[in-house]
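One-letter residues, chain by chain:
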Amino acid sequence: MAKKRGAESRERLVNAAADLFWQKGFAATSLAEIGAAAGIPLGNIYYYFRSKSALAEAVAAIMAEQMQAALEEIAAAADSPDARLAALVDLLSHSVATRTERGCPIRRASAEFRDPAPEASARAAAILAHLEAWLTNELARIGARPADAQASAAKALILWQGGIALAEARRDEAPLRQALQDMRALFREAARQSRSERAGAPLSADPGRTTGF
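About the cut-offs
- Every chain is numbered independently, its residues counted from 1 as its sequence is written.
- Totals for whole chains, interfaces and linings use all residues, but because this is a predicted model, local features are given only for residues with pLDDT of at least 70 and pairs of side-chain atoms are given and counted only at 80 or more.
- As a rule here, side-chain values come from all non-hydrogen atoms in the structure, and water together with hydrogens is ignored.
- Under the scheme used here, helices are H or I runs from DSSP no shorter than 4 residues and strands are E runs no shorter than 2 residues, and both carry numbers assigned from the N terminus.
- Three labels apply to residues, based on accessible area from a 1.4 Å probe with only protein chains included: buried if under 20% of the type maximum, exposed if over 50%, partly exposed otherwise in between.
- Residue contacts are defined here by distance: any two heavy atoms, one from each residue, within 4.5 Å place the two residues in contact.
- Areas reported here follow the Shrake-Rupley algorithm with a probe of radius 1.4 Å; residue values treat only the protein chains shown as occluding.
- His is not counted, nor are the chain ends; Lys and Arg add positive charge and Asp and Glu add negative charge.
- Charge placement uses NZ in Lys and CZ in Arg. For Asp and Glu, CG and CD serve respectively.
- In this analysis the probe radius is 1.4 Å and the grid spacing 1 Å, with only protein atoms considered; a cavity is a set of points the probe fits into but cannot get out of, a pocket is an open set with protein on both sides within 12 Å along at least five of seven lines, and lining residues have an atom within 4 Å of a point.
- Grid points are joined across faces, edges and corners, and a volume is the space filled by probe spheres set on the points.
- In the scheme used here, Gly and all other residues not listed as nonpolar or charged are polar, with Ala, Val, Leu, Ile, Met, Phe, Trp, Tyr, Cys and Pro taken as nonpolar and Asp, Glu, Lys and Arg as charged.
- Note on ring pairs: Phe, Tyr and Trp rings are taken, using the six-membered ring of Trp, and paired if centres are within 6.5 Å. Classes follow the plane angle, with under 30 degrees stacked, over 60 edge-to-face and the rest tilted.
- To estimate how far a helix should reach, multiply one less than its number of residues by 1.5 Å.
- The arc under discussion is defined with respect to the helix axis, by the directions toward the C-beta atoms.
- By convention in these notes, a salt bridge is any Lys or Arg side-chain nitrogen within 4 Å of a carboxyl oxygen on Asp or Glu.

**A word on the overall build of the protein**
Each helix and strand counted, the protein has ten helices and zero strands in total. Taken from the N to the C terminus, the helices and strands of the protein come in the order α-α-α-α-α-α-α-α-α-α. Based on the C-alpha atoms only, the size of the protein along its principal axes is roughly 70 × 40 × 30 Å. Here the protein, with 213 residues, has 42% of them falling under the buried criterion. If you take every contact in the protein between residues at least 6 apart in sequence, the share linking residues at least 24 apart comes to 70%. Entry remark: accessible area of the protein is about 11600 Å², with carbon and sulfur atoms responsible for 54%. Where the 27 positive side-chain charges of the protein centre and where its 25 negative ones centre are 2 Å apart.

**Some words on the layout of surface pockets**
In this model, the largest pocket occupies a volume close to 450 Å³. Along its surface, the largest pocket is lined by 19 residues, and M63, Q66, R99, P105 and I106 are the ones closest to its centre. Elements with a minimum of two residues in the lining of the largest pocket: α1 (2-24), α4 (52-77), α5 (81-93) and α7 (105-112). Residue contributions to the lining of the largest pocket peak at six residues, all from α4. Residues of the lining of the largest pocket, tallied by class, amount to 14 nonpolar, three polar and two charged.

**Overview of the packing of aromatic side chains**
For the structure on display, the rule yields four aromatic pairs. Their ring planes at 80° and their centres at 5.8 Å tell us that F21 and F113 sit as a pair that is edge-to-face. Of the two residues, F21 sits in helix α1 while F113 sits in the loop between α7 and α8 (118-142), which places them 92 residues apart along the sequence. Considered together, F21 and F113 belong to a single accessibility category, that of buried residues. Between Y47 and Y48, the aromatic rings sit 5.0 Å apart at their centres with planes inclined by 90°, giving edge-to-face as the arrangement.

**What about α5?**
Helical periodicity: at 3.6 residues per turn, an α-helix aligns residues three or four positions apart in one direction. Between its first and last C-alpha, α5 extends 18 Å over 13 residues, near the 18 Å set by a 1.5 Å rise per residue. Listing the buried residues of α5 in full gives P81, R84, L85, L88, V89 and L92. Viewed along the axis of α5, the buried residues span an arc of 140°, placing them on a single side of the element.

**Focus on the environment of R123**
You can see R123 is positioned in helix α8. The exposure class assigned to R123 is partly exposed, which follows from its relative accessible area of 43%. Taking the C-alpha atoms as reference points, R123 and H94, 29 residues apart in sequence, are found 24 Å from one another.

**What about the pattern of salt bridges?**
Tallied over the entire structure, the rule returns ten salt bridges. Linking R108 and E112 is a salt bridge whose minimum nitrogen-to-oxygen distance equals 2.9 Å. Taken together, the residues R108 and E112, both in helix α7 and four residues apart, mark about one turn of the helix. Across the pair R177 and E173 runs a salt bridge whose closest N-O atoms are separated by 2.9 Å. Judged by relative accessible area, which is 40%, R177 ranks as partly exposed.

Worth remembering: the numbers are spatial, not functional.
Structure, rendered in structure tokens:
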């Protein structure tokens, strides 16, 4: 029972830290504020985390787990790369309001953790790299050439992150919604172009070469 309560307390601390780091920033958030939000006395925090930087590492880890879980859920629910790419945009669309209000928690963590918690910063940055690799793989499965798949994946991330930045700066959801529409169009065009190339390819062409696998 005590072990379960300890795990629950640790989880509350990480969730509170994640929310406050996103809302106020790492430097502006104190351990006392995190403890108050989690309902845990300041002195007890050190039983779970030796420092605020250690909490940042836990926050980056939970962000990575959440991204992985989301991609696995998409993979389980959608049976084609086209559907998986569309499902990702649908998922990102659900967070337009919070991203417009607060920006991207992953990008903010990567930037703000860099000096006080470099390992946490690197782990946060790796989330975007992982998403880019996932996008590249799905675009390759559609049939895009490896270089084209990689370029389109990078462009999709730029659209998403740029849309978030502009929406937050303007306090207006429109730029982010437009960016997500542009992502959909990018993926549709990649699929259309791939189908067109396959339709015009010689019968002797090796279909495995177009996937990059």
